[in-house]
Amino acid sequence: MTTERMDGGRALIRALEHEGVEVMFGLPGGAILPVYDPIIDSSIRHILVRHEQGAGHMAEGYAHATGRPGVAMVTSGPAATNIVTPLCDAYLDSVPMVVITGQVPYAAIGTDAFQECDTTGITQSITKHNFLVTDPQDIPRTIKEAFHIATTGRPGPVLVDIPKDIVDPTNPRSEMVWEDDVEMDLPGYRPQVEVDPEAIRAAAKLVRDAERPVLYVGGGILKARAAEVLRELAELTGIGVVTTLMARGAFPDSHELCLGMPGMHGNYTAVTAMQEADLLVALGARFDDRVTGRLEGFAPEARVVHVDIDPAELGKVRRPDVAVQGDVRVAIEALVAELSDGGTGEVDRSAWRSRISGWQERFPLAYEPWVPGDALKPQYVIEQLRDATPADTIVTSGVGQHQMWASQYWTFDYPYTWINSGGLGTMGFSIPAAIGAKVAYPERMVWAIDGDGCFQMTAQELVTAAVEDIPIKVALLNNSYLGMVRQWQEMFYEERYSEVFLSKEVPDYKMWAESMGCHAIRIDDPDEVDSAIAQANEVDDRPVVIDFRVAADEKVFPMVPSGKSNSELVVPEFQRDQPR
Amino acid sequence: MNVHAPEFRYHTLVVTVENKSGVLARVAGLFARRAFNIESLAVAPTDDEGFSRITVVVDVESAPLDQVVKQLDKLVNVVEIRELHPGHSVERELMLVTVTAEPDLRDEIVEHLDRAGGKVLSLGIDRMMLSLVGPPSRVDEFEDLLRPYGILELQRTGRVALASLDDALD
């Protein structure tokens, strides 16, 4: 065993290296200062952000794209509070992330010292777990535990708060002895991966007997690296698949069994198939209110098989007929084996299949076509971008109309190509998340599809991208409005628009982007869309921003109005005469 | 973890947690964040100094017991959760109470106290300090009996509980 005397700050960086950390996102300050000195000599690449929220979302983007934990490091007080939003975002979307925060010296805790805040107290309910380390000897073990907790079971963010005195080499309290092998001490943490064979047999029986089954696939499939085995299950049984907002790409959109995305802005077929189903097989999905609509009216005739690694999800919202606790990949493998051995059942599902294809024919995702004189259609921009980029392009988005259009009109054929903020709905997510993804995969194209409201929340990270040589591309769908709120005010508040108009004149996004070191293009005319995208795709030495000036009155359809049942899905006007 | 059918409104959970700073805040914070109501909560170290034992009485009208247990179990510092079935556990609570007691009423109060099995801790000119250890229902009854005399100050501990012996041998 290697042992070596050192200070807590060096030990912290070495512990991160031992965890295989290649990159971290952060911004130094008073309390974390001593830890920034050993970074100079470390193999870890540090990306200096312009705002701590950016560091958190970059770490999330990195984690979404790679499955490896994203790491961010910031100082105490305001830096810690600035990273609260990404922590909560990662908590709701089960993103593995480790955040290191500086803290005032241990003796000063509780005295309202400069840049002191109760970071572990503030983040307790939005992290999977957090630690306040008080002894430098505990640093290596705590870091090991933090990564273990963040990446196993249901993944999530873990925060480690480090008082300055235990990492400051000028303070004797920072002295410790490094040991290569430290044992974790987590007597209360035992995530269950294996599944109960009895439950699998019961699930298989429901699958065999179902006349109208649907595989309801959530983000857990991606976390469990289970996309391949999911496809096996779908093809073995011939059951159609819906992929939630968090699971786009987990099953290929162009597969014949793909029914699309369910939920408030899901497509008609996905929403209605779930609504009419007699069996929902929920795989790493959590019956989110944006998926179920009014709960009492959700999938009224469906029995439910629910597979989740988090036992608290089983029965939290909808009582399952068969609950399978464990890793969803292990569960699907077991289910595939069971159905291969015991048969997939004799039920004739041709009537169900023909109902599904009827919905697909009558209610495809569609928007009113552009006619001369119309402003540029945002959906058209996304379609053109989709068709002009490589198949392995990673798409990130912010939150709002542009996010829904991106999830609808992009064709996701590969897992880990769609990165967005689903649970928390964090505006401003796309640019930093794109930076995180691009850092992980410099050779791949990364497009952030953003709105103008979102862009103004985190655009400063384009400076980070320019300076750190992370050439992401941004498709800004600029309608001068907080578009989704505008849509709700148009539809549900009698067109009384309250505080949703931003500005048509300022900021000048082209000038702004150029001032941040980006190549920038402004497009108003549909005829110029393709050439602008082609031009953007050619630029690889700096970030690109295309300011697409799009129609403000375009709405996201279909839509389940808030509080309504999914049976009351509103389709676009030109589909409303179609028989349901 | 062994959860009984929620046929009673209040259920007693015995939660073994790591004896680390902030653990009680995590447990209490979880109840607040998930909108679970608790009737009482008592915490103290166990015979093993590495662990503490929390006895928490949960109101299952606010959330299904199953959810409460599963969410609690997700806390990394929570090591074990057991439900104590009301019919198969021994529950005790301590009450300290100072009650108005003019000399002519003292005999009467002491009579109540003796019947309940309590003790006189201290005597003042016009007041008495009493203690009672007993099952929560008996402590409730005694508190009701004292109320007409005038309760000046009162503190109850919240209940603590152990599985009853015949149950433990199962």
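Treat the numbers as computed from the prediction; the structure is a model and nothing was measured.

(A) Structural context of the overall build of chain B. Check the secondary structure of chain B and you find five helices and nine strands. Along chain B, from the amino end to the carboxyl end, the secondary structure elements read β-α-β-β-α-β-β-α-β-β-α-β-β-α. Its C-alpha atoms give chain B principal-axis dimensions of roughly 55 × 35 × 30 Å. Counting over 170 residues, chain B shows a buried share of 42%. By sequence separation, contacts in chain B at least 24 residues apart represent 74% of the contacts at least 6 residues apart. Summing over all exposed atoms, chain B offers an accessible surface of approximately 9,100 Å²; the carbon and sulfur share of this is 52%. One way to put it: in chain B the 18 positive side-chain charges average out to a point 6 Å from where the 29 negative ones average out.

(B) Layout of the domain arrangement of chain A. All names here are of chain A. Structurally, chain A comprises domain 1 (3-179), domain 2 (197-362) and domain 3 (378-549). The centre of domain 2, based on its C-alpha atoms, is set 31 Å off from the matching centre of domain 3. Around 1,400 Å² of area is buried between domain 2 and domain 3 when both sides are counted, 57% of it from carbon and sulfur atoms. Summed over the three residues of domain 2 that lose the most area to domain 3, namely L245, R248 and H265, the buried surface amounts to 41% of that side. Across the domain 2-domain 3 interface, the total number found is zero salt bridges. Of the residues belonging to the side of domain 2 that touches domain 3, the class tally is nine nonpolar, three polar and five charged.

(C) Summary view of the pairing of strand 2 (residues 37-45) of chain B. Residues and elements named next belong to chain B. Where strand 2 and strand 3 (residues 51-59) come together, eight bridges link them in antiparallel fashion. Bridge pairing in strand 3 links N37 to D59. Hairpin connection of strand 2 to strand 3: five residues between the antiparallel strands.

(D) Spotlight on the sheet that holds strand 4 (residues 78-84) of chain B. Residue and element names in this part refer to chain B. Pairing in this open sheet of four strands is antiparallel, and the strands run 2-3-1-4 from one edge to the other. Of all strands in the sheet, those with a lone pairing partner are strand 2 and strand 4, marking the two edges. Taken over all neighbouring pairs, the strand axes of this sheet differ in orientation by 20° on average, direction set aside. Relative to strand 4, strand 1 (residues 10-18) runs antiparallel, the two being bridged by six bridges. Bridged to T16 within strand 4 is E80. Helix-sheet contacts for helix 1 (residues 23-33) involve strand 1, strand 2 and strand 3, and the interaxial angle to strand 3 is about 15°.

(E) Region of interest: the interface of chain B and chain A. Contact residues are listed per partner, giving 19 residues for chain B and 19 residues for chain A. Buried surface at the junction of chain B and chain A, both sides included, amounts to about 1,500 Å², of which 47% is carbon and sulfur. If you look at where chain B meets chain A, you find one salt bridge. K74(B) is the salt-bridge partner of D310(A), the closest N and O atoms lying 2.5 Å from each other. Joining chain B to chain A, the criterion identifies six residue pairs in polar contact (both at pLDDT 80 or more). Those elements giving two or more residues to the side of chain B that touches chain A turn out to be helix 1, helix 2 (65-74) and strand 4 of chain B. By residue number, the principal contributor to the side of chain B that touches chain A is helix 2 of chain B, which donates six residues. Partitioned by chemical class, the residues of the side of chain B that touches chain A number six nonpolar, four polar and nine charged.

(F) Focus on the domain arrangement of chain B. Residues and elements named next belong to chain B. On domain assignment, one finds that chain B holds domain 1 (10-84) and domain 2 (90-163). The C-alpha-based centres of domain 1 and domain 2 are spaced at 28 Å. Facing the 10 residues of domain 1 at the interface are eight residues of domain 2. A buried area of about 620 Å², summed over both sides, lies between domain 1 and domain 2, and 56% of it is on carbon and sulfur atoms. Of all residues in domain 1, A42, T55 and L84 bury the most surface against domain 2, accounting for 45% of the area lost on that side. At the junction of domain 1 with domain 2, the criterion picks out three residue pairs in polar contact (both at pLDDT 80 or more). Elements supplying a minimum of two residues to the side of domain 1 that touches domain 2: strand 1, strand 2, strand 3 and strand 4. Split by residue class, the side of domain 1 that touches domain 2 holds five nonpolar, three polar and two charged.

(G) Looking closely at the packing of aromatic side chains. Residues and elements named next belong to chain A. The full count for this structure, using the stated rule, is 14 aromatic pairs over all chains. Measuring from centroid to centroid gives 5.4 Å for F455 and Y509, while their planes differ by 75°, and the two rings are edge-to-face. Placement of F455 in helix 18 (residues 452-458) and of Y509 in helix 21 (residues 509-515) is noted, with a sequence separation of 54 residues between them. In this structure F455 comes out as buried when scored by relative accessible area, which is 0%. Of the residues examined, Y509 reaches a relative accessible area of 3% and is grouped as buried. Ring plane angle 85° and centroid distance 5.7 Å describe the contact between W488 and F492, whose orientation is recorded as edge-to-face. Taken as a pair, W488 and F492 lie in helix 20 (residues 483-492) at a separation of four residues, close to a single helical turn. A relative accessible area of 34% places F492 in the partly exposed class. Chaining the aromatic ring pairs together yields one cluster made of Y216, F287 and F298. The residue whose ring lies beneath R14 is W178, and the NZ or CZ to ring-centre distance is 5.4 Å. Here R225 stacks its cationic end above the ring of Y416, 3.9 Å away from the centre of that ring.

(H) Spotlight on unusual backbone geometry. Residues and elements named next belong to chain A. Omega for the bond connecting V506 with P507 falls within 30 degrees of zero, at -5°, which places this linkage in the cis form. Note on placement: P507 falls in the loop between helix 20 and helix 21. For R225, which is not glycine, the phi dihedral falls at a positive 50°. With respect to the helices, strands and loops of the structure, R225 is situated in the loop between helix 9 (220-223) and helix 10 (227-237). Phi at F287 is positive, roughly 50°, even though this residue is not glycine.

(I) Up close: helix 1 of chain B. The set of residues buried in helix 1 of chain B consists of V23(B), R26(B), V27(B), L30(B) and F31(B). With its buried residues spanning 135° around the axis, helix 1 of chain B presents them on a single face. Of the surrounding secondary structure, the elements contacted by the buried residues of helix 1 of chain B are strand 6 (129-132) of chain A together with strand 1, strand 2, strand 3 and helix 2 of chain B. Positive backbone phi, approximately 55°, marks A35(B), located one or two places after helix 1 of chain B.

(J) Molecular detail of the sheet that holds strand 7 (residues 157-163) of chain A. Residue and element names in this part refer to chain A. Taken in spatial order, the six strands make up an open sheet running 3-2-4-5-7-6, and their pairing is parallel. A single partner strand is all that each edge strand has here, and the edge strands are strand 3 (45-48) and strand 6. Strand-to-strand twist across the sheet, computed as the mean angle between neighbouring axes with direction ignored, equals 20°. As paired strands, strand 4 (residues 70-74) and strand 5 (residues 97-103) are joined by five bridges and run parallel to one another. The residue bridging G70 from the neighbouring strand is M97, located in strand 5.

(K) Quick peek at the pattern of salt bridges. According to the stated counting rule, one finds 43 salt bridges over all chains in the structure shown. When the shortest N-O distance is used, the salt bridge between R576(A) and E573(A) registers 3.8 Å. On the basis of relative accessible area, R576(A) is assigned to the partly exposed category, the value being 41%. Residue E573(A) is classed as exposed on the basis of its relative accessible area, which comes to 58%. A salt bridge links K70(B) to D66(B); its shortest N-O distance comes to 3.2 Å.

Conventions and cut-offs
Residues numbered from 1 in each chain as written. Chains lettered and ligands numbered in written order. Predicted model: local features only at pLDDT ≥ 70, side-chain atom pairs only at ≥ 80, totals over all residues. Heavy atoms only, no water. Helix = DSSP H or I, 4+ residues; strand = E, 2+ residues; numbered from the N terminus. Buried < 20%, exposed > 50% of the residue type's maximum accessible area, 1.4 Å probe, protein only. Contact = heavy atoms within 4.5 Å. Areas by Shrake-Rupley, 256 points an atom, 1.4 Å probe, with all protein chains shown as cover. Lys, Arg positive; Asp, Glu negative; His and termini not counted. Charge placed at Lys NZ, Arg CZ, Asp CG, Glu CD. Domains from an automatic or database assignment. Buried area = accessible area lost by both parts, 1.4 Å probe. Salt bridge = Lys/Arg side-chain N within 4 Å of Asp/Glu carboxyl O. Nonpolar A, V, L, I, M, F, W, Y, C, P; charged D, E, K, R; others polar. Pairing = 2+ DSSP bridges. Axes fitted to C-alpha atoms, helices over the stretch in contact; angles between N-to-C directions. Polar contact = N/O pair within 3.5 Å; in protein donor to acceptor, adjacent residues only side chain to side chain. Phe/Tyr/Trp six-rings, centres within 6.5 Å; stacked < 30°, edge-to-face > 60°. Lys NZ or Arg CZ within 6 Å of the ring centre and 35° of its normal. Arc of directions from axis to C-beta.

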